[in-house]
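Chain residues, written in single-letter form:
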Amino acid sequence: MKKILIIFLVPQLIFAELVLEITQGSDDPFVIALLDFDGQDEITNQINTIVNNDLNRTGEFKIIKKDKLLSSPKSEEEINFNDFKLLNIDYIVIGSLESENEFNLSASYQIFSVLSKKKIRTSKVLGIPNKIKQLAHYISDGIYEEITGLQGVASTKILYVSELKENNESLYQLIVADADGVNEQILLKSFEPIISPAWSPDSKEVAYVSFETGIAKVYIQNIANGDRRVAIQNSKQISSPAWSPNGNFLSLTMYQDGNAEIYILNLKNNNLTRLTNHYSIDTESSWSPDGSSIMFTSGRSGSPQLYEINLRKFNSKPQRITFEGNYNAKGSYLKNGDGIIFVHRSSDDFKIALKYFNENFIRPLTESKLDESPSISPNGNVIIYAVTENGENLLSGLTLSGARFRLPAKKGEVREPAWSGFLR
Amino acid sequence: MEIKSDYLIASFFSFLIHASLILFLMDFFYSEKQIRPVLSKTVDVNLIFEEEIIKTKEPLAVNEVPIIKNTFNKTIDNKIIELSQDIEKIGSDETFINLNELIQIDKAVIASSEEKEINQISNMIINMIESAWVKPKNIQEGLICDLRLAVNKNGRIVSVNLIKSSGNIRFDNSAIKAVYRVESFNFYNKISSNLYTDNFKKIVITFNPS
């Protein structure tokens, strides 16, 4: 516990205002009372559950259960703010399902701040009955956004590869699902490996490497209509395509020189440019949010470490950016470019770690044994990764604010999750 | 011939329109141009300076005026000729110098006790906000944000404004949340009204974890 410094105390200074400095704090979430949505039970029950789960998963909220509340108002007039203040609740959410005919649903919700005793948001979400999940995700995102100021990711999607072992064969599937892991849709099925799925910046297309024809081919597939085209193919291995932020380039790892090197493919004219040239492995490239540099994993120092290469500087050399431990790989940039997320080995455990560029240490984020392939949510606050537990692969998530969650278990192994951008 | 003259008139008007357009674009008709920089200058923070200067001068004036009056009252009772001598005397008088010194010592005492009080109250404010502040996890080091609070005489926080963002919304949120949580400073009723208006009506809080 450090003492606090006071600056600008003397009133005769230029600024009349007193400036005080705060240096301590612990961790705790927004406390919200999430009242049940009013309306048809079968639908509202679903909405209540999904919104509750979505908000819990963000790690930013502590939701007070209905039975712990002193009152459960159904409208603005019925709210007695003191009932909520006594329980230290910060926000109240009240909602109802409005037009409930066969084809249309509309849910409206209101958020009240207990501290200012005011309504801070009224929103209406329109949907159709068989898309109740989407409707609920939109509501969650609205609540999240209003209270935290960050855009919500409940209505975004994740992409991953699953491998099902049947008899002596493996069935590979490329699957896209809602951010909570449900509502899966299969984009591709193959008995040959599918690897390295990646979203295009506008989240309308995905790129992946498929060996269905026997050789490595990078496909770009439209999510909405399933159309796909071959971006590049090679008799040698290709892996980890990554889209540039403007969507015009694809960086790839290619093995045509005998060892792995990073190449950049221009999607407009199919020109291929080699980016790295080293006798050790260079792989797993990713683009900085402004597109000015590419980070990749390289073994040039003897152990896998992350390097960054500036694309805007002529003849620039890769700069090493991780120095902690003897294994740092599969890096991706935080959305604001402040730092990176990567896989770090400490003793024999592979953990997801965070490093800010202005800090000279790393922050391990997970405690499990075998974590891999971290992917960052578009709001930069959640990381999804593959984890191996008891020989099984599954998808797990964590938020920077400290919450952890697990996506529903799948049949077979799941790996290489990739988080889409905002879809709204 | 008629067609030609029409043509001439038309081209003349066309010339006029184009010329005026070009002149307009060259700011030919813009006479207020010189006023603008002056306007933008006066919008500066100077207002605050002025207020401050008046405030700091006020106590000096109040202290000095009665003393001068007293000396004059004395001299007026005496003869006019003696007046100038008197003034000279008083000017070099030890008692007057002592008085001046005394006033200054007095002021210093007042100032130091005031400073002490400001310190005390500041510490109380810091402690209250600090105990309400929850620093978010996994934020980078070196984030600093400034909030401006307006507090009324009863200690209730009337408004909170983020005047300098840290660039990290989670960090800014946590600071705002802390202040909202505090809601009011219960010790404000003990603050004298001078001290309140000078120092504690509007305060800036810097959140700077180190």
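In this text, all values refer to a predicted model and were calculated from it rather than measured experimentally.

## Considerations on the overall build of chain A
- Each helix and strand counted, chain A has three helices and 31 strands in total.
- The C-alpha atoms of chain A give 24 Å as radius of gyration, which agrees with the globular expectation for 424 residues (22 Å, within 12%).
- C-alpha extents for chain A along the principal axes are approximately 70 × 70 × 45 Å.
- For chain A, with 424 residues in total, the buried portion stands at 42%.
- Intrachain contacts of chain A at a sequence separation of at least 6 include 42% that bridge at least 24 residues.

## Some remarks on the nonpolar core
Residues and elements named next belong to chain A.
- Ranked by internal contacts, the top residues of the largest apolar core, which has 65 residues, are Ile 158, Tyr 160, Ala 207, Ile 341 and Ile 383.
- Here this core gets six residues from one element, more than from any other, and that element is strand β28 (residues 382–389).
- Apart from the residues within four sequence positions on either side, Ile 341 is in contact with Gly 331, Ser 332, Leu 334, Ile 352, Leu 354, Pro 374, Ile 376 and Ile 383.

## Some points on the domain arrangement of chain A
Residues and elements named next belong to chain A.
- In terms of domains, chain A is made up of domain 1 (30–148) and domain 2 (157–419).
- Summarising the inter-unit geometry, the C-alpha centres of domain 1 and domain 2 are found 36 Å apart.
- The partner domain 2 presents eight residues to the eight residues of domain 1 that form the contact.
- When residues of the side of domain 1 that touches domain 2 are traced back to their parent elements, those giving at least two are α1 (41–58) and α3 (132–148).
- Partitioned by chemical class, the residues of the side of domain 1 that touches domain 2 number no nonpolar, four polar and four charged.

## Comments concerning the pairing of strand β31 (residues 413–419) of chain A
Residue and element names in this part refer to chain A.
- With five of its seven residues buried, β31 lies for the most part within the structure.
- Taken together, the five bridges between strand β8 (residues 157–166) and β31 define a ladder with antiparallel strand orientation. By the bridge assignment, Val 161 is partnered in β31 with Arg 415.

## As for the environment of Ala 329 of chain A
- Along the chain, the position of Ala 329 of chain A falls in strand β23 (residues 328–333).
- Ignoring sequence-local partners within four residues, the contact set of Ala 329 of chain A consists of Glu 284, Thr 297, Pro 304, Phe 342 and Val 343 of chain A.

## So, the confidence of the model for chain B
All names here are of chain B.
- Looking at chain B, the pLDDT average stands at 72 and 66% of residues meet or exceed 70.
- Confidence drops under a pLDDT of 50 for residues 33–79, and excluding neighbours within four residues, the segment shows 15 contacts in the predicted structure.
- With a pTM of 0.72, the predicted complex shows an ipTM of 0.70.

## Structural notes on the sheet that holds strand β25 (residues 349–356) of chain A
All names here are of chain A.
- An order of β23-β24-β25-β26 is seen for the four strands of this open sheet, with the pairing classed as antiparallel. Since the sheet does not close on itself, it has two edges, and those belong to β23 and β26 (363–364), each with one partner.
- Alignment of β25 against β26, held across two bridges, turns out to be antiparallel. Bridge assignment links Leu 354 to a residue of β26, and that residue is Arg 363.

## Things to note about the environment of Ile 194 of chain A
Residue and element names in this part refer to chain A.
- Structurally, the position occupied by Ile 194 is in strand β11 (residues 194–199).
- Remark: the alpha-carbon pair of Ile 194 and Gly 391, spanning 197 residues in sequence, is separated by 21 Å.
- The residues touching Ile 194, leaving out its near neighbours within four places in the chain, are Val 161, Tyr 172, Leu 174, Leu 188, Tyr 208 and Ser 210.

## Considerations on α1 of chain A
All names here are of chain A.
- Counted at 1.5 Å a residue, the expected span for α1 with its 18 residues is 26 Å, and the 26 Å between its end C-alpha atoms agrees.
- Listing the buried residues of α1 in full gives Thr 44, Ile 47, Ile 50, Val 51, Asp 54, Leu 55, Arg 57 and Thr 58. End-on view of α1: buried residues confined to an arc of 165°, all on one side of the axis. In α1, the exposed positions angled more than 90 degrees off the buried face are occupied by Asp 41, Glu 42, Asn 45 and Thr 49.
- One or two steps after α1, the chain reaches Gly 59, where phi turns positive at roughly 75°.

## Some words on the sheet that holds β8 of chain A
Residues and elements named next belong to chain A.
- Strand order in the open sheet made by the four strands is β10-β9-β8-β31, with antiparallel pairing throughout. Of all strands in the sheet, those bounded by a partner on one side alone are β10 (185–190) and β31. Pairs of neighbouring strands in the sheet enclose a mean axial angle of 20°, with direction left out of account.

Criteria and cut-off values
- Residues numbered from 1 in each chain as written.
- Chains lettered and ligands numbered in written order.
- Predicted model: local features only at pLDDT ≥ 70, side-chain atom pairs only at ≥ 80, totals over all residues.
- Helix = DSSP H or I, 4+ residues; strand = E, 2+ residues; numbered from the N terminus.
- Rg over C-alpha atoms; globule rule 2.2 N^0.38 Å.
- Buried ≥ 20, exposed ≤ 12 C-beta atoms within 10 Å, placed from the backbone.
- Contact = placed C-beta atoms within 7 Å.
- Core = buried A, V, L, I, M, F, W, Y, C linked by C-beta atoms within 7 Å.
- Domains from an automatic or database assignment.
- Nonpolar A, V, L, I, M, F, W, Y, C, P; charged D, E, K, R; others polar.
- Pairing = 2+ DSSP bridges.
- pLDDT = per-residue confidence, 0-100.
- Expected span 1.5 Å × (residues − 1).
- Arc of directions from axis to C-beta.
- Axes fitted to C-alpha atoms, helices over the stretch in contact; angles between N-to-C directions.

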